[in-house]
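# Structure at a glance
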Amino acid sequence: GGKKKVASSAKAKKEQETREQVALFRKQMRITVTGDEVPSPVGTFEELQLSADQRWLRAGIESAGWTEPTPIQMQAIPVMIAGRDLLACAPTG
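Residues numbered from 1 in each chain as written. Predicted model: local features only at pLDDT ≥ 70, side-chain atom pairs only at ≥ 80, totals over all residues. Heavy atoms only, no water.

### Considering the overall build of the chain
- A count of helical and extended segments in the chain gives three helices and zero strands.
- In the chain, the succession of helices and strands from N to C terminus is α-α-α.
- Relative to a compact globule of 93 residues, whose C-alpha radius of gyration would be 12 Å, the chain shows 16 Å and is clearly more extended.
- Expressed as lengths along the three principal axes of its C-alpha atoms, the size of the chain is roughly 55 × 30 × 25 Å.
- Here the chain contributes 13 positively and 11 negatively charged side chains, and the mean placements of these two sets differ by 10 Å. (Helix = DSSP H or I, 4+ residues; strand = E, 2+ residues; numbered from the N terminus. Rg over C-alpha atoms; globule rule 2.2 N^0.38 Å. Lys, Arg positive; Asp, Glu negative; His and termini not counted. Charge placed at Lys NZ, Arg CZ, Asp CG, Glu CD.)

Rendered as structure tokens:
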């Protein structure tokens, strides 16, 4: 029983560290989210976990010439890929 408790404790610690890193990243990017188990944002388009059915998204990103996601893209694209509802608002220049 002791090894399982240590392993689950290490896993819980890692998950907490990840949650803290995501919260810090969102704060730095001025991203605010509400909801349960909101997918984590990505820092680059390369981080997107796209299925074969979603290759059109990568093609669209490349054809648009985008090299770095905006903060709203960082959070909104993972939410949409997860099939979640989304209401987004971003300042325009």
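Now that the structure has been shown, we can carry on.
### Observations concerning the layout of surface pockets
- In this structure, the largest pocket spans a volume of roughly 530 Å³.
- Together, 22 residues line the largest pocket, and Ile31, Thr32, Ile72, Ala88 and Cys89 are the ones closest to its centre.
- Take the lining of the largest pocket: its biggest share by element is five residues, from helix H3 (residues 71-81).
- Residue classes in the lining of the largest pocket are distributed as 15 nonpolar, four polar and three charged. (1 Å grid on protein atoms, 1.4 Å probe; cavity = no way out; pocket = protein on both sides within 12 Å on 5 of 7 lines; lining within 4 Å. Points joined across faces, edges and corners; volume = space filled by probe spheres on them. Nonpolar A, V, L, I, M, F, W, Y, C, P; charged D, E, K, R; others polar.)

### Structural notes on the nonpolar core
- Counting residues in each nonpolar core, the largest one holds six residues, listed as Val42, Phe45, Leu48, Leu57, Ile61 and Ile77.
- Not counting residues within four places of it along the chain, the set of residues in contact with leucine 48 comprises Val42, Arg58, Ile61, Ile77, Pro78 and Ile81. (Core = buried A, V, L, I, M, F, W, Y, C linked by side-chain atoms within 4.5 Å. Buried < 20%, exposed > 50% of the residue type's maximum accessible area, 1.4 Å probe, protein only. Contact = heavy atoms within 4.5 Å.)

### Quick notes on the side chain of glutamine 54
- Along the polypeptide, glutamine 54 turns up in the loop between helix H1 (2-29) and helix H2 (55-64).
- Discounting residues that sit within four places of it in the chain, glutamine 54 has contacts with Gln49 and Ile81.

### Quick look at H3
- Of all the positions in H3, only Gln73, Met74, Gln75, Ala76, Ile77, Pro78 and Val79 are classed as buried.
- One or two steps after H3, the chain reaches glycine 83, where phi turns positive at roughly 75 degrees.

### Considerations on unusual backbone geometry
- Even without being a glycine, arginine 30 presents a positive backbone phi close to 60 degrees.
- Note that arginine 30 resides in the loop between H1 and H2.
- The exposure class of arginine 30 is exposed, given its relative accessible area of 76%.
- You will see that glutamate 37, though not glycine, has its phi angle at about 50 degrees, which is positive.
- Relative to the helices and strands, glutamate 37 resides in the loop between H1 and H2.

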